[in-house]
Amino acid sequence: MSRVRIAVRDLSKTFNQGPREVPAVSGVSFDVHDREFVAVVGPSGCGKSTILNMMGSLVAPSAGEILVDGVRVGARPAPQIGYVFQKDTVFPWRTVERNIALGLEYRGVSRREIGTRVREAVRLAGLEGFEEAFPATLSGGMRQRVALMRSLVVNPEVLLMDEPFGALDTHTKLNLHAELLALWGERHQTVVFVTHDLSEAITLADRIVVMTRRPGRIKLVYDVKLPRPRDVIALRESAEYLKEYGEIWHALGEELQERAS
Amino acid sequence: MKKGSAGVWAWRIGILVVVLAAWEYLTGIKAISKTPGLYWIDPFFISRPSAIARRFVFLMSDQVRLPLWRMALSTVQSTLWGFLVGITTGFIAGLLLGRSDRIARVFDPFIVAFNSLPRIALVPLITMIFGFGLLAKIVLAWSIVFFIVFFNTFQGARSVDQDLISSARFLGAGERQILRTVIVPSALAWTFASLTPSISFALIGVVVGEFIGGESGGGLGYLIIQSLGTLNAADMMVALVVLGAIGIVMALGIRQIEVRLLRWRPEYQKR
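Residues numbered from 1 in each chain as written. Chains lettered and ligands numbered in written order. Predicted model: local features only at pLDDT ≥ 70, side-chain atom pairs only at ≥ 80, totals over all residues.

**Quick look at the overall build of chain B**
Let me state the cut-off plainly: Helix and strand labels come from DSSP, where a helix needs a run of H or I of at least four residues and a strand needs a run of E of at least two; each type is numbered from the N terminus. Computation of the radius of gyration draws on C-alpha atoms alone. For the globule rule, the value is 2.2 Å times the number of residues to the power 0.38. Neighbour counting defines burial: a residue surrounded by 20 or more other C-beta atoms within 10 Å of its own C-beta is buried, one with 12 or fewer is exposed, and intermediate counts give partly exposed, using backbone-placed C-beta atoms. Working definition of a contact: two residues with C-beta atoms, positioned from the backbone, lying within 7 Å.
Helix and strand counts for chain B stand at twelve helices and zero strands. When the helices and strands of chain B are placed in sequence order, the string is α-α-α-α-α-α-α-α-α-α-α-α. Taken over the C-alpha trace, chain B has a radius of gyration of 24 Å; the compact-globule value for 271 residues is 18 Å, which it surpasses by more than 25%. Seen through its principal axes, chain B has C-alpha atoms that stretch 85 × 55 × 30 Å. Here chain B, with 271 residues, has 34% of them falling under the buried criterion. Once local pairs closer than 6 in sequence are excluded, the contacts in chain B between residues at least 24 apart make up 72%.

Rendered as structure tokens:
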């Protein structure tokens, strides 16, 4: 196995809701290896997004620590990390082109090179003809493509994705799965992908971390054995996919049932 | 032009013509024939369109010491200056206080107190300090515009989406870059939305300043007060008509700028 990029060590988070203390994540440990695509799934409110937020310095842990390339995550996000939010975080006052250019502008890349790299990203995302469009004129799927390319254009080695396709319809989602897999196939970034959608996790990931309901602990870590490259449509009808889906669903289902009782 | 707008314009012009004709006619019939000064509707108070038009031509000419166009120019000039200085200072102050909880908390009671003071009560004081000229009018317009823009920008700077700031940080932005690319544009969206009310209020401030400013301040407000002194309704009406025209033109101009600056907003998208 290749080297460990993200090490989660005995991580806990407790939120204060007024006088009450609400434990969100409790004693979670796992590793994410270089070039690995890891999905974190669990029932809603299990703290899976909180773990991602802690990896990205958006939330401070109550106990335990996260190491990214051996360095403890502090108040500012590590420079090699890219982050895609579930919420639309495309800047509404910037055109598609200028949104994608943001990270390059921040890094002081020359105008010329920004032009070249943005054009390339626009092409990869299939956004040709929309370069000058403002986000308000785009569909949700297109806006999320812009957000994804905006993160990828600066070549992050580690990509954290917080239910990035959660608000999209099934069809758009499948298209974006295919595109994400294609993009990931080129560079093999280390990805941590949080979702509540089990089929999405199986389609995309090498390994799946299944969480229990609140307070979130690790229920099991599952290795997805489906071969790559994967065809997101054909995959769903294959026997292996159904078998893996059944196995994880069984574990996840226990959590959902306990919640109901 | 939108569909059916010709019909709308026909109605508008029709209403205007009817009102003006009725005004002209009704102020022309006497209550008791041949008795001077007894009208159904006395043109002494509201004048008549024909008299207003005559006075307009006369006041525009060089026969008067202070022609109408120079007064109008003085009003427009002070309004624009008050407006420009007001939005600039209001924006800077709003941004500063909006992004610093500490400064905001310190200044809060002063701002509330100053803003709840009726601005018209300040006119004599401002005139005393800044004299009877252009400056007093500008300061007055500024004192109103400043607060409109300030409160809007303050809100805007407060309500910057935290996730946009986080996104910028993940893309490698430093604090100054975040200010320039996230906070200022977010706040500006709110500032721009306050431009149209600001220009109207700047005009109010200037006219009130001109009421008290006297001849050296000039302006249409001065013409109104002067007409009150001579009980000349026609001149007053001329001043009001010109003021109305100035108000409309400035509001439309600002509206154009606003649409241009906020063209990225969903509500400004062309269908």
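**Section: the overall build of chain A**
The helix and strand tally for chain A stands at eight helices and ten strands. A compact globule built from 261 residues should have a C-alpha radius of gyration of about 18 Å, and chain A, at 19 Å, falls within 12% of that. Burial analysis of chain A (261 residues in total) assigns 41% to the buried set. In chain A, 72% of the contacts between residues at least 6 apart in sequence involve partners at least 24 apart.

**Some thoughts on the sheet that holds strand β5 (residues 71–72) of chain A**
Residues and elements named next belong to chain A. Selection criterion: At least two bridges found by DSSP between two strands is the condition for calling them paired.
Read from one edge of the open sheet, four strands run β2-β1-β4-β5, paired in antiparallel fashion. The open sheet has two edge strands, β2 (20–33) and β5, and neither has a second partner. Pairing geometry for strand β1 (residues 4–17) and strand β4 (residues 63–68), over five bridges, is antiparallel. Pairing of Ser12 across the sheet is with Ala63, part of β4.

**Some thoughts on the environment of Asp197(A)**
Positionally, Asp197(A) belongs in the loop between β8 (190–195) and α7 (198–204). Along the chain, Asp197(A) and Gly129(A) lie 68 residues apart, while their C-alpha atoms are 32 Å from each other.

**Considering the interface of chain A and chain B**
What counts is decided by this rule: Note on residue categories: nonpolar means Ala, Val, Leu, Ile, Met, Phe, Trp, Tyr, Cys or Pro, charged means Asp, Glu, Lys or Arg, and polar means any other residue, Gly included.
Between chain A and chain B, the residue contacts involve 22 residues of the former and 15 residues of the latter. If you list the elements that add at least two residues to the side of chain A that touches chain B, you get β6 (81–84) and α3 (102–106) of chain A. Classifying every residue of the side of chain A that touches chain B gives 14 nonpolar, five polar and three charged.

**Digging into the sheet that holds β8(A)**
All names here are of chain A. The following threshold applies: Geometry is summarised by axes, namely lines fitted to C-alpha atoms with helices restricted to the contacting stretch, and by angles between N-to-C directions that run from 0 to 180 degrees.
The strand order across the open sheet formed by six strands is β6-β7-β8-β3-β9-β10, and the pairing between neighbours is mixed. Bordering the open sheet on either side are β6 and β10 (218–223), each of which pairs with just one other strand. Neighbouring strand axes in the sheet, compared pairwise and without regard to direction, differ in orientation by 15° on average. One ladder, built from four bridges, connects β6 with strand β7 (residues 158–162); its direction is parallel. Residue pairing for β7: Val84 is matched across the bridge by Met161. Packing of helix α1 (residues 48–55) onto the sheet brings it into contact with β3 (37–41), β7, β8 and β9 (207–211), and relative to β8 it is tilted by some 145°.

**Overview of the packing of helix α3 (residues 49–60) of chain B against helix α12 (residues 233–261) of chain B**
All names here are of chain B. For clarity, the cut-off: Oblique is the label for any angle not under 35 degrees, not over 145, and not in the 65 to 115 range, which are roughly parallel, roughly antiparallel and roughly perpendicular in turn.
One can describe the packing of α3 onto α12 by two numbers: an axis separation of 9 Å at closest approach and a directional angle of 75°. Relative to α12, the element α3 lies roughly perpendicular. The residues of α12 that touch α3, namely those facing Ala51, Ile52, Arg55, Phe56 and Leu59, are Ala234, Asp235, Met237 and Val238. Taken together, the residues of the contact of α3 with α12 break down into seven nonpolar, no polar and two charged.

**Things to note about the packing of helix α11 (residues 220–229) of chain B against α12(B)**
Residue and element names in this part refer to chain B. Filter applied, for reference: What makes a crossing left-handed is the near helix being turned counterclockwise from the far one by less than a right angle; a clockwise turn instead makes it right-handed.
Remark: α11 packs on α12, axes separated minimally by 8 Å, with the N-to-C direction vectors making an angle of 160°. Classified by the angle their axes make, α11 and α12 are roughly antiparallel. Seen along the crossing, α11 lies across α12 with a hand that is left-handed. Residues Leu220, Leu223, Ile224 and Ser227 of α11 form the contact with α12, whose own contacting residues are Asp235, Met236, Ala239, Val242 and Leu243. A per-class count over the contact of α11 with α12 returns seven nonpolar, one polar and one charged.

**A closer look at unusual backbone geometry**
Residue and element names in this part refer to chain A. Here the amide bond leading from Arg214 into Pro215 is cis, since omega sits at -5°, within 30 degrees of zero. Tracing the backbone through its elements, the reader meets Pro215 in the loop between β9 and β10. For the bond from Arg228 to Pro229, the omega torsion is -5°, close enough to zero to count as cis. Inspection of the secondary structure puts Pro229 in the loop between β10 and α8 (239–260). One non-glycine residue with positive phi stands out, namely Asp69, at about 50°. Relative to the elements of secondary structure, Asp69 occurs in the loop between β4 and β5.

**Focus: the confidence of the model for chain B**
Applicable threshold: For every residue, the predictor assigns a confidence score, pLDDT, that lies between 0 and 100.
Summing up the model confidence of chain B, the mean pLDDT is 89 and the portion of residues at 70 or higher is 96%. Overall fold confidence for the complex sits at a pTM of 0.82, while the interface term, ipTM, reaches 0.88.

**What to know about the domain arrangement of chain A**
All names here are of chain A. Condition: Per the annotation, domain bounds derive from an automatic or database assignment of domains.
By the assigned domains, chain A splits into domain 1 (4–80 + 157–260) and domain 2 (91–155). Opposite the eight residues of domain 1 that make contact, domain 2 presents eight residues. Ranked by residues supplied to the side of domain 1 that touches domain 2, first place goes to helix α6 (residues 170–187) with three residues. A breakdown of the residues in the side of domain 1 that touches domain 2 according to their chemical character gives seven nonpolar, one polar and no charged.

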